[in-house]
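Structure at a glance
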Amino acid sequence: MLRIVVLGAAAGGGVPQWNCGCRVCRKARTENPELQSTQASIAISADDEHWFLVNASPDLRQQLIATPQLHPKAGQLRHSPILGVILTNGEIDAVAGLLSMREGSPFTIYAHEKVLAILKSNSIFNVLAENNVRRQPIDPDQAFEPALPGGAPSGIEILPFAVAGKGAWYLEGKVHPGGDDGTGDTLGLRIADKVSGKYFYFLAACADVTDDLKSRLAGAPLIFFDGTVWRDDELIAAGLGSKTGQAMGHIAMSGDSGAIEALSGLGIGRKVFLHINNSNPALLRDSAERQQAERAGWQIPADGTEITL
């Protein structure tokens with residue numbers, strides 16, 4: 001049985017973003033605190049005892065405090081049920097939370113060589129000493145099983161695969177520590193319980209729904225999918241930025257080539273958006289955009305949402 005906890009559902013900056021006065025952020029600070037959301041990450045377990053994170057957001061400490069399943073075991077001075085972190089990209093909102101795990105508990109970082117190269121090139125991540133925090137490379141289309149203490153199998157099989165995307169924005173115009181080949185900067189994950197065979201997909205970033213991706217996702221019981229922006233020019237139209245969603249490596253929710261349309265008719269059981277930017281009007285429960293997404297079968301989760309497969 002797979003258990004999933006949505007630790008955070010927002011894109012970089014969270015909701016409200018510290019320096020943002022947009023409509024969503026204003027409402028989240030005042031009359032609608034239920035709009036508040038931390039940056040995107042989930043926790044997964046096959047046994048309710050040992051847990052793995054998918055991405056480590058800058059809000060990780062707050063997320064762990066809010067999630068009893070991830071608290072230290074009662075009666076132990078030093079303990080964590082978190083045994084590993086699987087990174088799907090090298091963006092700040094996926095890796096910065098690793099720095100909140102620097103107090104000596106052992107765990108493993110699973111990531112593509114390109115993302116591991118980013119961590120290695122930045123000396124601040126040396127606080128996660130490699131003799132205590134192991135770094136294990138993962139490759140697209142090569143399944144792996146994260147391990148329990150002592151090397152015992154976890155019962156969770158993870159298949160990474162490449163999806164359309166881009167490198168971390170802070171590397172634009174710079175030499176990528178992992179090389180110029182774009183493969184590996186953005187990964188999707190198929191996560192399965194080896195006993196029950198139940199599985200789901202996780203894609204925090206995706207710039208395009210290709211035919212290959214449609215084939216992968218068809219018939220899936222559950223997907224978590226990139227919901228950064230409602231429309232491609234959203235930040236520009238709102239006066240909040242100068243980049244399109246595509247320029248940031250994210251597909252829009254709406255439009256003829258957006259995620260809602262592209263992933264319709266594939267027999268997907270449950271569709272959940274995450275990594276949702278504070279500019280996205282679909283966050284507002286009474287908005288036309290939210291109603292359109294929900295009519296198409298999409299859910300926008302609150303932090304702390306639990307799902308069992």
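Just above sits the structure.
Residues numbered from 1 in each chain as written. Predicted model: local features only at pLDDT ≥ 70, side-chain atom pairs only at ≥ 80, totals over all residues. Heavy atoms only, no water.

**Quick word on unusual backbone geometry**
Backbone torsion omega between Val-15 and Pro-16 reads 0°, so that peptide bond is classified as cis. Within the fold, Pro-16 resides in the loop between strand S1 (3-8) and helix H1 (23-29). The phi torsion at Asp-48 lies on the positive side, around 70°, for a residue other than glycine. By the element assignment, Asp-48 lies in the loop between strand S2 (41-45) and strand S3 (51-54). With a relative accessible area of 43%, Asp-48 lands in the partly exposed category. Notably, Asn-55 is not glycine yet its phi reads approximately 70°, a positive angle. For Asn-55, the location among the structural elements is in the loop between S3 and helix H2 (60-65). (Helix = DSSP H or I, 4+ residues; strand = E, 2+ residues; numbered from the N terminus. Buried < 20%, exposed > 50% of the residue type's maximum accessible area, 1.4 Å probe, protein only.)

**Quick notes on the side chain of Thr-67**
Turning to its location among the elements, Thr-67 is positioned in the loop between H2 and strand S4 (82-86). Leaving out residues up to four positions away in the same chain, Thr-67 has contacts with Val-5 and Leu-7. (Contact = heavy atoms within 4.5 Å.)

**A look at the sheet that holds S3**
Hydrogen bonds between backbone groups are what pair the strands of a sheet, and the pairing can be parallel or antiparallel. Here 7 strands make up an open sheet; going across it, the order is S6-S5-S4-S3-S2-S1-S13 and the pairing mixed. Where the open sheet ends on each side, the last strands, each with one partner, are strand S6 (133-137) and strand S13 (306-308). Here the strands of the sheet are splayed against their neighbours by 20° on average, with no regard to which way each runs. By the bridge criterion, 5 bridges tie S1 to S2 in an arrangement that is antiparallel. Counted as the bridge partner of Gly-8 is Ser-41 from S2. Contacting strand S5 (107-111) and S6, helix H4 (residues 113-121) runs over the sheet at an angle of about 145° to S6. (Pairing = 2+ DSSP bridges. Axes fitted to C-alpha atoms, helices over the stretch in contact; angles between N-to-C directions.)

In short, the description is geometric, and any link to function would need to be established separately.
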